[in-house]
Structures are given as structure tokens and as C-alpha cells.
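Geometric and topological summary
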Amino acid sequence: MHAFNHDPLLSRFVSEYILSELPETAAGLEAPDTLNMLGCAYCKRYEQEQNPSDLERGMAALEKGVQLAVRPSDTWRYCVNNLGNALRMQFMQSQNPRVLDRAIHYFGQLTEHTPPDADDLPEHLHNLCSCLLQRYNLTHDQADIDRAIRAWQEIRRKTQATTPYRQLYLENLITGLSMRHVLTHNFADLHEANQVCKELLQELSPSHPERATYVEQLTEGMVKYYRHTGHNSDLRDAMRTWEHLIEQTPKDAEYLPALINFYVFGYLERFAQTDDEDELEHALHWQEYALSLCPPGSFYLPQCQYNLGTGLFLRYCNHDPSGAPDDLDRAIELLEDALAHIATRDKRMPNVYRSVLADALRHRFERTENMADLAWAQRLEREIQSESVPE
């Protein structure tokens, strides 16, 4: 959000022209519109040259404009908005909390005196929220987070997908709710954050560059909420969401395999609850599909190999001692491939990769008595132990 955007003529050329035509100070000026122009011109030049005297002169002109303008005229609102932005710049320069308090005061006044249906109300609320978040970072007063969330919620109600900065508004609401959830452990905030994240994903195009980030954030939130409630209805809701996102995601999207693996989590969770073979078969079907989407060198290739290998090993163990050797052999092959691929990019690979592979190798050794499998498993176990010892 740019400061002084209610004055579209404030290019550098126009700012310099205004400063050349108007007095150097606000002394003697009585027209709020003129004071607003002068204040904005000085603040604009401060943005470009970082001369503190320009900011001081700009703020003096804007403060006088606020005093002389009729509340709540358009001129008064322009002066207040620009003064609030000037105070934000002064705070960035001085880090003086009192300056931030004044900015919050003016933005609060502005939001109270802006018509509810005004196009610029969401922007004014956003500026207020930004200042409240800055003050929270200084004081850790939860009241600031609470107030910011109420304002972000109002922005959400007053905007729609086509509104400028809508993504930023929803993203900030998600951040605020998530922060308060961490502070208070109120899972209603986490649930609302998940709902807002779903809404944001619905409004983004399938090819949006930040979509994968929001998908991961939503997944983390939904799983955490389900873990808290333990309700199957929450798991079903998460799975419907993942299924819908998979349908919307282009087949060549790099993150699609990761999204599919989130979906697989639901099937594996239900299998763990019910021991229903159909749930495991669905999981394996989707894991095969996720792996098929990974080209050589894909970031997600080792994870998909590990996931499918673990799934096949699970099916083998679930049928043990009559488990199909083919499942075990392929599981070991996939787990070894995953280990090899991840070793090329991570010096400290996750020990879970080694652990599952060692377990699978020991199972095959019990069946075949192949000493090479036992030796390989023992080596992996030594590596796990050596990495677990503090340096």
C-alpha cells in the first residue's frame, strides 16, 4: 500500500513544482487543500531523498490541514490519511512508540469517519491494522491483535475477489488469527484462519505463483485442527478440500505431487482407525499417481518415493507372514532410491528415511536370510545412532 495515494499527481516533477510554487512552510496558508498538497509534496520528496527536514515540514502542513479542514469532509480525510502515513514514516525513522500511537489515533479517526460503503475504507482499515501489528511487536499487548483482527474481518466483509489488494487483506487476516491462536490456543481462531485460507485459494488462479504456499499453510492448519478435535467430520472436510484443490491444479504444477500426498494422509489416517484395506488401497493408488507426476530431478521425487515405499511396506506388514514379497522388494527399491536422491541435496538426510529402509531390509532378511540385507540394515542403524549423538 503506497502512502499519499489519494494524490495521484504526486510524481517527482509535480512535487517539485508544488514546492516551487508554494511557501516553504505552512505559515500563512489557511486552505486545507493547499496544506494537503504542500504536506504531501514534502513527504514525497522525503521518500526520495530521506531529508528529515522535508518530513518535518510535510507533517507540519498536514497537521495544520487536519485542524482547519471540516470533519468529515473529503479534504479532512485526505489530510488525516496522509498525516497517518507521514507518522508511519517518522516511526520507521525514529522507532519512537509515541509516534506510532499518534498514527494509530489518526487512522482510527479516519476509519470511524469514512462512510461504510466508501471504496477507500478497506485501505484505511488496512493502514490501521499495519500500525497495530507494529505496536504489538513492540508491546505484545494482545488488545492490538484483537483490534487488528476485528478490522481485518471487516475488510473481508466489505471486499470481494476483484477488490484491489484483496489477497493481501485475506493473507493478513490469516496471519492475525494464526498469531492469536499461538498466543491463546483458541482453536476457533485456527478454524477461522483455515476458512479464510480456503476462500483465498478459491479466488486465486490455479497457476498463481503463491498458491503452493497457501496450500501448504492450509494443510498444516487443517491437520492441526483435526488432531485437536479428533472428529472424523473434520478429516472428511480436509479430504474434500484436498480433492477439490487437486481437481483445480494443473497437471504440470510442480507442487501437485505434494498436494496429492496431503490427500493420501487422509486415507492413511482412516486406515489406521478402521484397518479397512480399501483405505490403504486408495492411498497406494494416489501415491502411485503422485510418483508418476515427478520428473527426474523433481524436488518432490524423494518424498514421493519414500511415501509409496512406506505404503507398500505397510501393506506387506499388514499381511505378514503371508505378505507379498513383491511389495517388500519394491518398497526397498523405492526407499533406496529416495535415500540416494535426497543424499545428493541434503548432507543431513532425515533419519526416518534410514529407519524405514532398515526395518524393511530386516524383514526381507528374515524371509531370505540374505546377509547383504542385514549388513545394509546394520549400517543404516549405525548412521542413525551416530547422528543422534550430540557433537
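Anyway, here's the lowdown on the structure attached to this text. Given the structure is predicted, the values throughout are model-derived calculations rather than measurements. (Residues numbered from 1 in each chain as written. Predicted model: local features only at pLDDT ≥ 70, side-chain atom pairs only at ≥ 80, totals over all residues. Heavy atoms only, no water.)

Between the first and last C-alpha of helix α7 (residues 142-158) there are 25 Å, a value that for 17 residues agrees with the 24 Å anticipated at 1.5 Å per step. Among all positions of α7, only Asp 144, Ile 145, Asp 146, Ala 148, Ile 149, Ala 151, Trp 152, Gln 153 and Ile 155 are buried. Residues of α7 that are buried sit in contact with α6 (121-139), α8 (166-184) and α9 (187-203). You can read the cap of α7 off the contacts: a side-chain oxygen lies 3.0 Å from the backbone nitrogen of Ala 143, and it is on Asp 141. (Helix = DSSP H or I, 4+ residues; strand = E, 2+ residues; numbered from the N terminus. Expected span 1.5 Å × (residues − 1). Buried < 20%, exposed > 50% of the residue type's maximum accessible area, 1.4 Å probe, protein only. Contact = heavy atoms within 4.5 Å. Polar contact = N/O pair within 3.5 Å; in protein donor to acceptor, adjacent residues only side chain to side chain.)

Next up on the list: the layout of surface pockets. Of the pockets and cavities examined, the largest pocket occupies roughly 600 Å³. Considering the residues around the largest pocket, the lining is formed by 24 residues, among which Ala 258, Asn 261, Phe 262, Gln 303 and Asn 307 are closest to the centre. Mapped onto the lining of the largest pocket, the elements with two or more residues apiece are α10 (211-229), α12 (256-274) and α14 (301-319). (1 Å grid on protein atoms, 1.4 Å probe; cavity = no way out; pocket = protein on both sides within 12 Å on 5 of 7 lines; lining within 4 Å. Points joined across faces, edges and corners; volume = space filled by probe spheres on them.)

So, on to helix α4 (residues 74-94). If you check α4, its first and last C-alpha atoms are 30 Å apart, about what 21 residues at 1.5 Å a residue would give, namely 30 Å. For α4, the tally of buried residues reaches 15 of 21 residues, placing the bulk of the element in the interior. Gln 95 occupies a position one or two residues after α4 and carries a positive phi of about 55°.

Moving on to the packing of aromatic side chains. Scanning all chains against the criterion turns up six aromatic pairs. When the ring of Tyr 263 is compared with that of Trp 286, the centres are 5.2 Å apart and the planes differ by 80°; the resulting orientation is edge-to-face. One end of the pair, Tyr 263, is in helix α12; the other, Trp 286, is in helix α13 (residues 277-292), with 23 residues separating them in the sequence. Exposure class is identical for Tyr 263 and Trp 286. Each is buried. Consider the rings of Phe 299 and Tyr 300, whose centres lie 5.2 Å apart with planes at 90°: the pair is edge-to-face. Grouping aromatic residues by their ring pairs yields a cluster made of Tyr 263, Tyr 267, Trp 286 and Tyr 289. (Phe/Tyr/Trp six-rings, centres within 6.5 Å; stacked < 30°, edge-to-face > 60°.)

Within the element layout of this structure, Thr 114 appears in the loop between α5 (97-112) and α6. Of note is the side chain of Thr 114, whose polar atom sits 2.6 Å from the backbone oxygen of Leu 110. For Thr 114, the contacting residues outside a window of four places in its chain are Arg 77, Asp 120, Leu 121 and His 124.

Purely geometric stuff here, so don't read any function into it on its own.
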